[in-house]
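# A structural walkthrough
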Amino acid sequence: MSLRFTYDCLPSRVVFRTGALDELATETARLGSRVFIISTPGQRRLAERCAELIGASTVAVYDKAQMHTPADSVRSACAYFGQLQADCCVAIGGGSTIGLAKAIAFEHRIPILAVPTTYSGSEATAIWGLTENGIKKVMRDAHVQPRTILYDPLLTLGLPPGISGPSGVNAIAHCVEALYSEAANPLVSMMAEEGIRALGKSLPQVVTDPRNVEARSDSLYGAWLGGVVLGAVGMALHHKLCHVLGGAFNLPHAETHTIVLPHAVAYNTAAAPEAVRRVARALGVDDAAQGLFELNLAIGAWVALKDIGMPADGIDRAVQLATANPYYNPAPIRPEAIRQLLTNAWEGRRP
Ligand code: NAD
């Protein structure tokens, strides 16, 4: 079949090197002169270090970013940002911090400089989640695409193994679904396969030797690729299920992705054989779903939704939410098959 695709290549300036944080002041000055720095409470000290590096242009260190970007937290942050008349954001942290920066950028039309310290990939997309009344909406607006990304593997050396592994699998999930996306194209597929390869090889090293800078660098590289492909093409069943589960039961984001991914891949294997073959090739295994399950065991991740806080009676609600509206997926969305998938993931069965 001859090639046919449409590809919006998203613009971002990427500075990737060990020690890249040294360039924070210079890079921030390209974007604004009244800088609002965002982090989670746990990363406040790192945010304060950014304030020192940026100096007098810092107008606030705001450490109230929360998982799943609750709508109330967005309203408070936007109001405070407006009072200070800041003109750009530095978001230092994981997807939660970068998500809050995007919500502010959407409201106030200001540029973001992202300094990712996990492997979520959010820094490379124009997408963010917004959670209200147990429903997590996916928002997309080109304006929130971070203008500059500073990737510094040194900032990830302290990311605990228990967060590093699932966060990396979250990035693998972006790559996997990009390979069978409705909008897949040859360049995105190359990046996706390379992302899975880089993360599949480095994550087991990262969890056993967290201060291995080379492995950390490879994982961050894979995370960047994951973010780029997530931002470039639409996702499918796996991301839908994880959004439903995160919004409805406040489950931890990366761990949910880690548990669900082998099952979502098993669900799509017959319908997307070439994409799934590329996943297996990138992992160096024969069967992609089994290989992903094995990777989860190798990094010591949770493999059962029941162990991360999902109630057993939540399966019905999740099936209902995940099948309420039509969306693209290689294999047809059948409620009974989704129920089986979620039951397997809840129990922690091998796919
Ligand atoms: P997170 O941002 O919630 O971070 C998890 C925890 O790790 C936090 O407590 C944080 O303070 C801590 N942490 C982060 N970096 C650290 C480091 N280097 N050392 C020590 N502790 C560190 O987790 P996440 O998985 O990165 O992000 C999840 C959120 O991101 C979800 O809300 C999800 O929807 C969103 N997300 C968005 C996109 C997108 O494209 N928009 C992509 C992936 C995830």
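Above this text is the structure in question.
A brief look at the structure comes next. For every chain, the first residue of the written sequence is number 1, and numbering continues from 1 onward in sequence order. In keeping with the predicted nature of the model, local features appear solely for residues at pLDDT of at least 70, side-chain atom pairs appear and are counted solely at 80 or more, and the whole-chain, interface and lining totals rest on all residues. Side-chain descriptors were evaluated using all non-hydrogen atoms of the structure, hydrogens and water having been removed beforehand.

Glancing now at the state of the cysteines. For the purposes of this analysis, a disulfide is any pair of cysteine sulfur atoms at a distance within 2.5 Å. Within the structure shown, the criterion is met by zero disulfides. Its sulfur unpaired, Cys9 is 16 Å from the next cysteine sulfur, which belongs to Cys175. Looking at Cys9, the relative accessible area reads 60%, which means it is exposed. Burial classification: accessible surface area is computed with a 1.4 Å probe over protein chains only, and a residue below 20% of its type maximum counts as buried, one above 50% as exposed, and the rest as partly exposed.

This part takes up the sheet that holds strand 4 (residues 88-93). Across a sheet, strands are paired by hydrogen bonds formed along the backbone, either parallel or antiparallel in direction. Pairing between strands is defined by DSSP: at least two bridges between the two strands are required. Secondary structure is summarised from DSSP: a helix means a run of H or I of at least four residues, a strand means a run of E of at least two, and numbering begins at the N terminus for each. The strand order across the open sheet built from six strands is 1-8-5-4-2-3, with neighbouring strands paired in parallel fashion. Each edge of the open sheet carries a strand with a single partner, namely strand 1 (13-16) and strand 3 (58-62). Each strand axis lies, on average, 15° off the axis of its neighbour in the sheet, ignoring direction. Two elements, strand 2 (residues 35-38) and strand 4, share four bridges in a ladder whose sense is parallel. Following the sheet pairing, Ile38 is matched in strand 4 by Ala91. Whether two residues are in contact is decided by their heavy atoms: any pair within 4.5 Å suffices. The angle between two axes is taken between their N-to-C directions and runs from 0 to 180 degrees, where each axis is a line fitted to C-alpha atoms and a helix contributes only its stretch in contact. Along the sheet face, helix 2 (residues 44-54) touches strand 2, strand 3 and strand 4 and points at about 175° away from the line of strand 3. Lying over the sheet, helix 4 (residues 95-108) contacts strand 2, strand 3, strand 4 and strand 5 (112-116), oriented at roughly 165° with respect to strand 4.

Successive residues of a regular strand alternate their side chains across the two faces of the sheet. Both strand 2 and strand 3 contribute to a ladder of four bridges, which runs parallel. From the neighbouring strand, Ile38 faces strand 3, where its bridge partner is Tyr62. Look down the strands so they point away from you; if going from the first strand over the helix to the second traces a clockwise path, that crossover is right-handed. In this fold, the crossover linking strand 2 to strand 3 by way of helix 2 has right-handed handedness.

Looking now at the site of the ligand. In this text, near means that some heavy atom of the residue lies within 4 Å of the molecule or strand in question. Thr40, Ser96, Thr118, Ile127 and Lys136 are the nearest of the 26 residues found near the ligand. A distance of 2.5 Å separates an oxygen atom of the ligand from a polar side-chain atom of Ser96. If the ligand stood free it would expose 860 Å²; the protein chains cover 84% of that surface. Looking at the shell around the ligand, the elements with two or more residues in it are helix 4, strand 6 (127-132), helix 5 (161-179) and helix 9 (253-268). Taken together, the residues of the shell around the ligand break down into nine nonpolar, 15 polar and two charged. Where each domain begins and ends follows an automated or database-derived domain assignment. Residue assignment places the shell around the ligand across two domains, with domain 1 (13-156) and domain 2 (161-347) each supplying three or more. Nitrogen and oxygen atoms within 3.5 Å of one another constitute a polar contact, given that in protein one can donate a hydrogen and the other can accept it, and given that sequence-neighbouring residues count only through two side-chain atoms. To measure how exposed things are, a 1.4 Å probe is used in the Shrake-Rupley method; for residues, cover is taken only from the protein chains shown. The residue classification treats Ala, Val, Leu, Ile, Met, Phe, Trp, Tyr, Cys and Pro as nonpolar and Asp, Glu, Lys and Arg as charged. All others, Gly included, are polar.

A separate point is the pattern of salt bridges. Salt bridges are counted wherever a side-chain nitrogen of Lys or Arg sits within 4 Å of a carboxyl oxygen of Asp or Glu. Scanning the model with the defined rule gives 16 salt bridges in all. Glu27 serves as the salt-bridge partner of Arg30, at 3.9 Å between the closest nitrogen and oxygen. Note that Glu347 is salt-bridged to Lys306, the shortest N-O span being 3.6 Å. Of this pair, Glu347 sits in helix 13 (residues 335-347) while Lys306 sits in the loop between helix 11 (288-298) and helix 12 (314-323); the two residues are 41 residues apart in sequence, bridging distant segments of the chain. Classification of Lys306 as partly exposed rests on a relative accessible area of 37%.

When you line up the elements, Ala173 lands in helix 5. Along the sequence, Ala173 and Val265 sit 92 residues apart, while their C-alpha atoms lie 9.4 Å from each other. With sequence-adjacent residues up to four places away left out, Ala173 is seen in contact with His238, His239, His257 and Leu261.

Another aspect to go through is the packing of aromatic side chains. Each Phe, Tyr or Trp ring, with Trp reduced to its six-membered ring, pairs with another whose centre is within 6.5 Å; inter-plane angles below 30 degrees give stacked pairs, above 60 give edge-to-face pairs, and intermediate values give tilted ones. Inspection of the entire model under this criterion finds six aromatic pairs. Look at Tyr62 and Tyr80: their rings are 5.6 Å apart centre to centre, the planes differ by 35°, and that puts the pair in the tilted class. Of this pair, Tyr62 sits in strand 3 while Tyr80 sits in helix 3 (residues 71-84), and the two are 18 residues apart along the sequence. Tyr80 gets classed as partly exposed once you look at its relative accessible area, which sits at 32%. Measuring from centroid to centroid gives 5.1 Å for Phe106 and Trp128, while their planes differ by 50°, and the two rings are tilted. Taken together, the residues span a long stretch of sequence, with Phe106 in helix 4 and Trp128 in strand 6 at a distance of 22 residues. We classify Phe106 as partly exposed; its relative accessible area is 33%.

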